[in-house]
Amino acid sequence: MNHSPATGVPAAPGSHRLRWVALGAIALALVLIGGVLIYLSPVLALLEPHDPSPGRVAGVPAATPPPLDSKQRINILLLGSDNDQKFRQDALLAQTMIVVSIDPSTHQVTMLSLPRDLWVEIPGHPSAKIDLAYAQGGAALARATVEKAFKIPIHYYAWVGLNGLVRVVDRVGGVDLDVLHPVLDDNYPNDFSDSGYGTERVYLAAGPQHLDGRHALQYVRSRHGDLLSDFGRSVRQQQLLLAIQQRAAGMDLVTALPTFAKDLNGHVKTDLDLARLTQLALFMRDLHPADVHQAFISAYVRDATAADGQQILLADWTALHAYLRQLFGGDLLP
Amino acid sequence: MNRRFAAVALSAMLALAGCTSSTPVAHDPGRVVRPVKQVSVPGRLYATKGRALYRFSGTQLTRLRFGSRVKDPAVTLTGDRVAVAQLQDQSSTIVVSDPNGQNRQVLTPSSAAAGSLWAFAPGFDRAGHRIVYLTDRGKQPSSPQNLQPNDLGVWSYDLTTGQSRRLVQPVAYTGGDSDPGYRPGVSDQLIYTTYLYGGVPTEPVARLTWMSLRTGATVYLSPETGRNFEPALSPDGRFVAFIRAGAGSDDLYVMPLVPTYTREPRPYPSESAALIQSGIIAQPVWAPDGSAIAFLMLTKGSFDLFILPIGMDNAIHAAGAAQAVTHGSFLDADSRLAWSP
């Protein structure tokens, strides 16, 4: 007969079996947790801190991300750089800057493109084109510059290089885009040549079509054949973001996230944490094209020449801030 | 460690929330797939996939051996000759062959003094004596230090004399013109798309353009804003099918076309065009007898080939539902279709 060792009272029938069941359940849970950790390890690696200077710049308002269960607006600064061989990898210009603003309360997303030639005050540095902020101080300075100039609180950033963009597009199986104009460029930078200085000829017909990563990059990057120059490029970049979102919306998140992360490690940097990333991925899944709004500041800037002869854009900040208040309501910094 | 716990918790959340998609993203199967219930294609309909040329006829599908990558097939009225843009690494040429891709003849040069050349979108005239096409021939040499435009203009090639000549000078830095085609039934009219910029704030514009080859005069058939493109003339030359970009869609419209214009018509003919099919549609082409329009339509992440019957009693209209000729095939939506008897 079985007895309880503590009391000497005979154990109830089946208590040993219960203990084994409990132990088995714990072991199974540990195996599952271990499995999940191994499975998600690429995602965790991608989300490790990347920026060597992630701190804020002194004296600049810093935006704290709202809690996960909040309905407050979340702003993400998307940065894109030419990171082929011809540039110093620790001093890349941010040739693409887009604020993606997510409003969970209205289930709306706004994409605001910031032109790279815009002349701004860069905290702690002389005034310069906005694309220089990332080269001079990484994501922290780019974020601080945007917050100071535009009064938009930036909660997170995500940086992607050329290869990263190509991989993202290929990973979602290509994108479906309506190419607005024929794209012709006899001097398109051959990003993946050994020197980084080569050029190649590019042609994309106009109209709806399916593009792989390489051709999608050509579409958003070429500007020699576009009279709208950088503004034209901003329109195309937002088009591509929308197309990626629509394509990714049909993907299986459970299986896609780790594979995605493995592909992108080294080509993407972000300070988004896993919880927020997952929350945003779930949010984006249910997003309809009509919920996404494209915004540009072309009506509030004019061409000018800097003292050193650079071609720049100067903003009418009063009018621009009024426009931003229309876009973001009371969610701007004071 | 918190990060690890968050990972586990979120994975469980994801799994429990049923985040596996009910409509998985389609990926290119690498071949042309036909639906279980196959549509019989009257005549011979040409399309490309992965830059290879395919011919649909009845329920038969044939891959034509061109020996290289091609796009933009065109065919004569009788179907005895096919033209394509043959792609090389950094250039392309117009090539004519018999319907099986044999007896090929290269018509246009792949390079000139200014460098490599593009040539795309060939189209035969009714007699099969001339080809209209796009090229950047005539451009200035360009380098990163001395950028020059290389927009595509409309040219013609005379198959009897072997002479080429420019018909339309493109506006610089617009991408140039596109989708040229002779008007059936007459020998001196051309329809194409002009790419421009317009509106406030400035945005890309695509305008349907009619040209008299006799006088060189051009008339716009669509407004100075918006994008109306990829015109395709009916076999009798009385109607133009085209694509109009809308909010998140590229819909198929058809408008009538009077024999000649002496001045710019207002309202523009495109404004009274009939909506024939909604969706994300590309590359319309008429059946040789005018009874249907074939096009490529984005369906579940893939551009597939559809045929839509057209009725002309009282007003032009869709005479039934579009029928899918392919399914999940990822056909090249930037490449034209061609259809012969």
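**Observations regarding the overall build of chain A**
Here's step 1: Of the regular secondary structure elements, chain A holds eight helices and 14 strands.
Here's step 2: Burial status across chain A gives 43% buried among its 334 residues.

**What to know about the domain arrangement of chain B**
All names here are of chain B.
Here's step 1: Assigned domains of chain B: these are domain 1 (36-59 + 283-341), domain 2 (66-163) and domain 3 (183-279).
Here's step 2: With centres defined by C-alpha atoms, the gap from domain 1 to domain 2 works out at 24 Å.
Here's step 3: In this assembly, eleven residues from domain 1 lie in contact with 14 residues from domain 2.
Here's step 4: Taken together, the elements giving at least two residues each to the side of domain 1 that touches domain 2 come down to β1 (41-49) and β27 (338-340).
Here's step 5: Along the lines of polarity and charge, the residues of the side of domain 1 that touches domain 2 split into four nonpolar, three polar and four charged.

**Notes on the pairing of strand β2 (residues 96-103) of chain A**
All names here are of chain A.
Here's step 1: Burial of β2 is extensive: seven of the eight residues sit out of reach of the surface.
Here's step 2: Relative to β2, strand β1 (residues 74-80) runs antiparallel, the two sharing seven bridges. Within β2, the residue paired with Gly80 across the bridge is Thr96.
Here's step 3: For β2 and strand β3 (residues 108-113), the ladder comprises six bridges, and the chain directions are antiparallel. Considered in β3, the bridge of Asp103 is made with Gln108.
Here's step 4: Connecting the antiparallel pair β2 and β3 is a turn made up of four residues, with His107 showing a positive phi of about 60 degrees.

**Overview of the sheet that holds β27(B)**
Residue and element names in this part refer to chain B.
Here's step 1: Judged by pairing direction, the sheet is antiparallel, and its four strands sit side by side in the order β3-β2-β1-β27 without closing on themselves. Only two strands of the sheet have a single neighbouring strand rather than two, namely β3 (60-64) and β27. On average, each strand axis in the sheet is tilted by 20 degrees relative to the strand beside it, whichever way the strands run.
Here's step 2: Here strand β2 (residues 52-58) pairs with β3 via five bridges, running antiparallel. Directly across from Arg55, in β3, lies its bridge partner Thr62.

**A closer look at the nonpolar core**
Generally speaking, soluble globular proteins have nonpolar side chains that are buried together.
Here's step 1: Counting residues in each nonpolar core, the largest one holds 170 residues, and the members touching the most others are Leu77(A), Leu79(A), Ala142(A), Tyr133(B), Val240(B) and Ala294(B).
Here's step 2: Here this core gets eleven residues from one element, more than from any other, and that element is helix α2 (residues 132-150) of chain A.
Here's step 3: Once residues lying within four places of it in the same chain are set aside, the contact partners of Ala142(A) are Leu77(A), Leu79(A), Ala94(A), Ala133(A), Tyr134(A) and Tyr157(A).

**Overview of the environment of Ile122(A)**
Residue and element names in this part refer to chain A.
Here's step 1: As for its placement among the helices and strands, Ile122 is situated in the loop between β4 (119-120) and β5 (128-129).
Here's step 2: Judged by the 21 C-beta atoms lying within 10 Å of it, Ile122 is buried.
Here's step 3: Separated by 39 residues in sequence, Ile122 and Gly161 have C-alpha atoms that sit 23 Å apart.
Here's step 4: Not counting residues within four places of it along the chain, the set of residues in contact with Ile122 comprises Ser127, Ala128, Leu132, Ala133, Gln136, Leu141 and Thr145.

**Things to note about helix α7 (residues 274-285) of chain A**
Here's step 1: Its twelve residues place the ends of α7(A) 16 Å apart at the C-alpha level, agreeing with the 16 Å of an ideal helix rising 1.5 Å per residue.
Here's step 2: Buried within α7(A) are the following residues: Leu274(A), Arg276(A) and Thr278(A).

**Description of the sheet that holds β1(A)**
The pairing of strands in a sheet happens through backbone hydrogen bonds and is either parallel or antiparallel.
All names here are of chain A.
Here's step 1: Sheet architecture is open: six strands sit in the order β11-β6-β1-β2-β3-β12, paired in mixed fashion. With one partner strand each, in any of the chains shown, β11 (268-270) and β12 (292-295) form the two edges of the open sheet. Each adjacent strand pair in this sheet contributes to an overall mean axis angle of 20 degrees, direction not counted.
Here's step 2: As defined by bridge partners, β1 adjoins strand β6 (residues 156-160) across five bridges and the pair is classed as parallel. Each bridged residue has a counterpart across the sheet, and for Ile76 the counterpart in β6 is Tyr156.

**Remarks on the confidence of the model for chain A**
Here's step 1: Residues at a pLDDT of 70 or more form 82% of chain A, whose mean pLDDT is 83.
Here's step 2: Here helix α6 (residues 253-264) of chain A stands out as the least confident element of chain A, with mean pLDDT 72; strand β10 (residues 207-211) of chain A is the most confident, with 97.

**Focus on helix α5 (residues 229-248) of chain A**
Here's step 1: End to end, α5(A) covers 29 Å across 20 residues, agreeing with the expected 28 Å (1.5 Å per residue, within 8%).
Here's step 2: In terms of residue burial, α5(A) counts as a mostly covered element, since 15 of its 20 residues are buried.

**Considering the packing of helix α4 (residues 213-221) of chain A against α5(A)**
Residue and element names in this part refer to chain A.
Here's step 1: Closest axis-to-axis distance for the α4/α5 pair is 8 Å, and the angle between their directions is 145 degrees. Along the contact surface, α4 presents Ala216, Tyr219 and Val220, while α5 presents Arg233, Arg236, Gln237 and Leu240.
Here's step 2: Tallied by class, residues from the contact of α4 with α5 come to four nonpolar, one polar and two charged.

**As for the confidence of the model for chain B**
Residues and elements named next belong to chain B.
Here's step 1: Residues at a pLDDT of 70 or more form 93% of chain B, whose mean pLDDT is 91.
Here's step 2: Long-range and interchain partners of residues 16-22, a stretch whose pLDDT sits below 50, account for eight contacts in this model, where long-range means more than four residues apart.
Here's step 3: Across the whole predicted complex the pTM is 0.86, and at the interface the ipTM reaches 0.92.

**Structural notes on the environment of Arg183(B)**
Here's step 1: Take Arg183(B): it is sitting in the loop between β14 (177-182) and β15 (189-198).
Here's step 2: Taking the C-alpha atoms as reference, Arg183(B) lies 15 Å from Asp289(B); in sequence the two are 106 residues apart.

**Some details on the pairing of β14(B)**
Residues and elements named next belong to chain B.
Here's step 1: Counting buried positions along β14 yields six of six residues, so the element is predominantly enclosed.
Here's step 2: Here β14 pairs with β15 via four bridges, running antiparallel. Bridge pairing in β15 links Asp177 to Thr194.
Here's step 3: Following β14, the chain reverses through six residues before pairing antiparallel with β15; Gly185 in that reversal takes a positive phi of roughly 90 degrees.

Rules used throughout
- Residues numbered from 1 in each chain as written.
- Chains lettered and ligands numbered in written order.
- Predicted model: local features only at pLDDT ≥ 70, side-chain atom pairs only at ≥ 80, totals over all residues.
- Helix = DSSP H or I, 4+ residues; strand = E, 2+ residues; numbered from the N terminus.
- Buried ≥ 20, exposed ≤ 12 C-beta atoms within 10 Å, placed from the backbone.
- Domains from an automatic or database assignment.
- Contact = placed C-beta atoms within 7 Å.
- Nonpolar A, V, L, I, M, F, W, Y, C, P; charged D, E, K, R; others polar.
- Pairing = 2+ DSSP bridges.
- Axes fitted to C-alpha atoms, helices over the stretch in contact; angles between N-to-C directions.
- Core = buried A, V, L, I, M, F, W, Y, C linked by C-beta atoms within 7 Å.
- Expected span 1.5 Å × (residues − 1).
- pLDDT = per-residue confidence, 0-100.

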